[in-house]
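Residue-level listing of the chains:
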2 protein chains.
Amino acid sequence: MLRIVGFGSGAKDNMTLEASVAIAGADLIVGYTTYVDILKQYFPDKEYYSTNMMQEKERCQYAIDTAKEGKEVVLVCSGDSGIYGMASLVYELAEDNLDIKVISGVTAASSGSACLGAPLSHDFAVISLSDCMTPWELIKKRIKAMADSDMVMCIYNPSSRRRSGYLKEACDIVLKVQSPDTVCGYVRNIGRENETTGILTLKELADFKADMFTTIYIGNSHTKVINGKMVTPRGYKVV
Amino acid sequence: MLRIVGFGSGAKDNMTLEASVAIAGADLIVGYTTYVDILKQYFPDKEYYSTNMMQEKERCQYAIDTAKEGKEVVLVCSGDSGIYGMASLVYELAEDNLDIKVISGVTAASSGSACLGAPLSHDFAVISLSDCMTPWELIKKRIKAMADSDMVMCIYNPSSRRRSGYLKEACDIVLKVQSPDTVCGYVRNIGRENETTGILTLKELADFKADMFTTIYIGNSHTKVINGKMVTPRGYKVV
């Protein structure tokens, strides 16, 4: 059987009980090198197979082939295995005679939100700024649609060396319709060493230097700062 | 201290290790009656305080007041405590001298996605159809914006006795710009007794009878059915 397991932020206690049991019971754990290195701390005596970024297809295929041989294989993803994770690729690659189970996990939108306060307490969108497989024009169209309809946004993959200006471009789109004082936040290295968080305005976010390990939150027009926390009200009347 | 804890779908193994430890170690667990009844199965010897729906403010205030007396209080929410959960309301009600910690959990978007396959593997929006605290016109505007920009949608609270026609209205908005054959899915009672799932077209979804315990997924133009699973490709080239 092939289990596609999201292990959450990387902190052991952000893992679900089901993910923990699946990893502990696997014959083989397959994943991206950085994720495998995290799991080796918690499950040191397991057999692992890891490959680097850009080798996702090869990695999934290896997991599929090994599961077909009758092994209990776990393919690990950080966060939730279904959100920008490997679950869809496995379904696309696998044939119908393989038993596949997706085990959900806490995605960065949720784990990062808990660090900042409660930014996602109303309708929100999760968008990746990575244009490796999605045209940048479509990503920008989506950001404009979110901003126009006052949705909170949670942005994954906000930057990379090649895409260093993308976050600024995204903010500039939002700035055309939302106040420059819109409350925004970032969390870097969620649940890992050197976790850092910050709250800033949309105007400030446009010049913020994010990296690949940062998750960005852009509030809606009601989002506010309460005692240093980023809070999007659900709408209850609070006197 | 007041911990606001998302316990996931309701299946014990969908809970994070941190949530489980927090609940097990609490002096008092506060929550909506239905949620408290779920937790009593797993943690039978704890002290609980529960109130019914529409009593969220009173419930949060009780949790805050009890935590201020020096007790270790856990306020529980299903899914993630920050996504349509109580975290934002607590921040709004609490004063600055209370130690508050949000513990993230697996939200229904993720746990339901795992049941269906991998519907959320690309940019997506989470929208509630409940107009208790959000104008229906704004909700419809958001649905139109998502459909126009080809975002996958995950819909919470798709129906209630009073709002029985809302899901159809939402689908009709999407049908104006997306194919009637767009792949959609639903999961009812995620992780609980009588969990049921189904995959259907957008046209069929418009006439589907959802209830309060159903989570709905509307695919984007690339979402497809593979071996009975709802899969939104991430974009990898699969020959």
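Residues numbered from 1 in each chain as written. Chains lettered and ligands numbered in written order. Predicted model: local features only at pLDDT ≥ 70, side-chain atom pairs only at ≥ 80, totals over all residues. Heavy atoms only, no water.

Looking at the packing of helix 6 (residues 136-148) of chain B against helix 7 (residues 166-175) of chain B
Residues and elements named next belong to chain B.
Okay, so step 1: The interhelical angle for the contact between helix 6 and helix 7, taken along N-to-C directions, is 35°, at an axis separation of 9 Å. Judged by the sense of rotation from one axis to the other, the crossing of helix 6 with helix 7 is right-handed. Residues Trp136, Lys140, Ile143, Lys144 and Ala147 of helix 6 form the contact with helix 7, whose participating residues are Tyr166, Glu169, Ala170, Ile173 and Val174.
Okay, so step 2: When grouped by side-chain class, the residues that make up the contact of helix 6 with helix 7 number seven nonpolar, no polar and three charged. (Axes fitted to C-alpha atoms, helices over the stretch in contact; angles between N-to-C directions. Helix = DSSP H or I, 4+ residues; strand = E, 2+ residues; numbered from the N terminus. Left-handed = near helix turned anticlockwise from the far one by under 90°. Contact = heavy atoms within 4.5 Å. Nonpolar A, V, L, I, M, F, W, Y, C, P; charged D, E, K, R; others polar.)

Thoughts on the domain arrangement of chain A
All names here are of chain A.
Okay, so step 1: We note that the domain assignment places domain 1 (2-106) and domain 2 (109-231) within chain A.
Okay, so step 2: Taken over C-alpha atoms, the centre of domain 1 sits 27 Å from the centre of domain 2.
Okay, so step 3: With 11 residues of domain 1 at the interface, the matching set in domain 2 holds 10 residues.
Okay, so step 4: Carbon and sulfur atoms supply 65% of the area that domain 1 and domain 2 bury against each other, a total of about 750 Å² over both sides.
Okay, so step 5: When residues of domain 1 are sorted by the area they lose upon contact with domain 2, Ser9, Tyr84 and Val106 head the list and together hold 58% of the total.
Okay, so step 6: Where domain 1 packs against domain 2, one counts four residue pairs in polar contact (both at pLDDT 80 or more).
Okay, so step 7: In terms of residue class, the side of domain 1 that touches domain 2 is made up of seven nonpolar, four polar and no charged. (Domains from an automatic or database assignment. Buried area = accessible area lost by both parts, 1.4 Å probe. Polar contact = N/O pair within 3.5 Å; in protein donor to acceptor, adjacent residues only side chain to side chain.)

Concerning helix 7 (residues 166-175) of chain A
Helical geometry note: an α-helix holds 3.6 residues per turn, so side chains three or four residues apart project in the same direction.
All names here are of chain A.
Okay, so step 1: Those residues of helix 7 not exposed but buried are Tyr166, Leu167, Ala170, Cys171, Ile173 and Val174. The buried residues of helix 7 occupy an angular sector of 155° when projected down its axis, which confines them to one face.
Okay, so step 2: Residues of helix 7 that are buried sit in contact with helix 6 (136-148), strand 8 (152-156), helix 8 (202-205) and strand 11 (214-218). (Buried < 20%, exposed > 50% of the residue type's maximum accessible area, 1.4 Å probe, protein only. Arc of directions from axis to C-beta.)

A short note on the interface of chain B and chain A
Okay, so step 1: Each partner contributes to the interface: chain B provides 66 residues, whereas chain A provides 66 residues.
Okay, so step 2: Taking both partners together, chain B and chain A bury about 6,000 Å²; carbon and sulfur atoms supply 58% of that area.
Okay, so step 3: At the surface where chain B touches chain A, the tally comes to four salt bridges.
Okay, so step 4: Residues glutamate 92 of chain B and lysine 224 of chain A are paired through a salt bridge, measuring 3.5 Å at the closest nitrogen-oxygen approach.
Okay, so step 5: Taken together, the links from chain B to chain A amount to 36 residue pairs in polar contact (both at pLDDT 80 or more). (Salt bridge = Lys/Arg side-chain N within 4 Å of Asp/Glu carboxyl O.)

Some words on the sheet that holds strand 6 (residues 117-118) of chain B
Residue and element names in this part refer to chain B.
Okay, so step 1: The three strands are arranged 6-13-12 in an open sheet whose pairing can be described as mixed. One side of each edge strand has no neighbouring strand; the edge strands of this open sheet are strand 6 and strand 12 (224-226).
Okay, so step 2: Strand direction decides the pairing type here: strand 6 and strand 13 (residues 229-231), joined by two bridges, are parallel. Looking at strand 13, one finds that alanine 118 is bridged to valine 231. (Pairing = 2+ DSSP bridges.)

Some points on the pattern of salt bridges
All names here are of chain A.
Okay, so step 1: Applying the stated criterion across every chain, the model contains 24 salt bridges over all chains.
Okay, so step 2: A salt bridge links aspartate 148 to lysine 144; its shortest N-O distance comes to 2.7 Å. Within this pair, aspartate 148 and its partner lysine 144 are both found in helix 6, separated by four residues, close to a single helical turn.
Okay, so step 3: What makes lysine 144 partly exposed here is its relative accessible area of 45%.
Okay, so step 4: Linked by salt bridges that have partners in common, Glu137, Lys140 and Glu169 make up one network.

Comments concerning the sheet that holds strand 5 (residues 100-103) of chain A
Residues and elements named next belong to chain A.
Okay, so step 1: The strand order 3-2-4-1-5 describes an open sheet built from five strands, whose pairing is parallel. Of all strands in the sheet, those with a lone pairing partner are strand 3 (48-51) and strand 5, marking the two edges. In this sheet, adjacent strand axes meet at a mean angle of 20° when their direction is disregarded.
Okay, so step 2: Sheet topology note: the strand 2 (residues 28-32)/strand 4 (residues 73-77) ladder contains three bridges and is parallel.

Considerations on the side chain of threonine 107 of chain B
Okay, so step 1: Among the secondary structure elements, threonine 107 of chain B is positioned in the loop between strand 5 (100-103) and helix 5 (108-116).
Okay, so step 2: Leave out the neighbours within four places in its chain, and threonine 107 of chain B touches Gly79, Asp80, Ile83 and Tyr156 of chain B.

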